[in-house]
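Now for the letters of each chain:
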Amino acid sequence: MSILCDIYRSCQKSDMYLYIAKQQGLTCAPQELLKLFGTPAHVTTLLLTPERRLARAEITKVLHDIRERGYYLQMPLLENDEMSVMAARNSKLPR
């Protein structure tokens, strides 16, 4: 089963993304979530299928959450102290 999905980036929290079925739009996202998320900035529209690979999310979890809740929230990766030290030493690593 496939879902045509809009992906939004949070303007308040870096690396936080909201996946929502295009046909439903942002109206299915809870208002409390949108308050924390900030103004959504549209990034792209994708056709999500079970075979599709995503960079930082498990496709089965994304599809499940969109079907059950109407959205999937991708949280930022947690950085541990060792990663922060490495990133500070190497400017090529994202911070």
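Our subject is the structure listed above.
Residues numbered from 1 in each chain as written. Predicted model: local features only at pLDDT ≥ 70, side-chain atom pairs only at ≥ 80, totals over all residues. Heavy atoms only, no water.

S.K.: So what's going on with the environment of K13? Residues and values would help.
M.R.: Take K13: it is sitting in the loop between β1 (3-10) and β2 (17-21). Assessed through its relative accessible area of 41%, K13 is described here as partly exposed. Along the primary structure K13 and L36 are separated by 23 residues, whereas in three dimensions their C-alpha atoms are 8.6 Å apart. (Helix = DSSP H or I, 4+ residues; strand = E, 2+ residues; numbered from the N terminus. Buried < 20%, exposed > 50% of the residue type's maximum accessible area, 1.4 Å probe, protein only.)

S.K.: Explain the pairing of β2 to me, and be specific about the residues and the numbers.
M.R.: A regular strand places its side chains so that they alternate between the two faces of the sheet. When you tally the buried positions in β2, you get four out of five residues, the bulk of the element. Where β1 meets β2, five bridges bridge the pair, whose relative direction is antiparallel. Pairing of I7 across the sheet is with Y19, part of β2. The antiparallel hairpin formed by β1 and β2 contains six residues in its connecting segment, where D15 sits at a positive phi of about 65°. Pairing of β2 with strand β4 (residues 71-74), which is carried by four bridges, proceeds in the antiparallel orientation. Counterpart to L18 in the pairing with β4 is L73. (Pairing = 2+ DSSP bridges.)

S.K.: A description of the sheet that holds β2 should follow, citing residues and the corresponding values.
M.R.: Reading across from one edge, β3-β1-β2-β4 is the order of the four strands in this open sheet, with antiparallel pairing throughout. The open sheet is flanked by β3 (40-48) and β4, the only strands paired with a single partner. Strand-to-strand twist in this sheet, taken as the mean axis angle between neighbours without regard to direction, amounts to 20°. Direction of pairing for β1 relative to β3: antiparallel, over a ladder of eight bridges. Following the sheet pairing, D6 is matched in β3 by T45. (Axes fitted to C-alpha atoms, helices over the stretch in contact; angles between N-to-C directions.)

S.K.: Any chance you could break down the pattern of salt bridges for me, citing the residues and the numbers?
M.R.: A pair can form between side chains of opposite charge whenever their charged atoms are brought close. In the structure shown here, the tally under the stated rule is three salt bridges. Between D6 and K22 there is a salt bridge, and its shortest N-O distance comes to 3.5 Å. In this pair, D6 is assigned in strand β1 and K22 in the loop between β2 and α1 (31-37), connecting sequence segments 16 residues apart. D6 sits in the buried class, given a relative accessible area of 7%. With relative accessibility at 41%, the residue K22 sits in the partly exposed group. Where D65 meets R69, a salt bridge forms, and the shortest distance between an N and an O atom there is 2.7 Å. Of this pair, D65 and R69 both sit in helix α2 (residues 59-69), four residues apart, roughly one helical turn. Judged by its relative accessible area of 3%, D65 falls in the buried class. If you follow the salt bridges from partner to partner, you end up with K61, D65 and R69 in one network. (Salt bridge = Lys/Arg side-chain N within 4 Å of Asp/Glu carboxyl O.)

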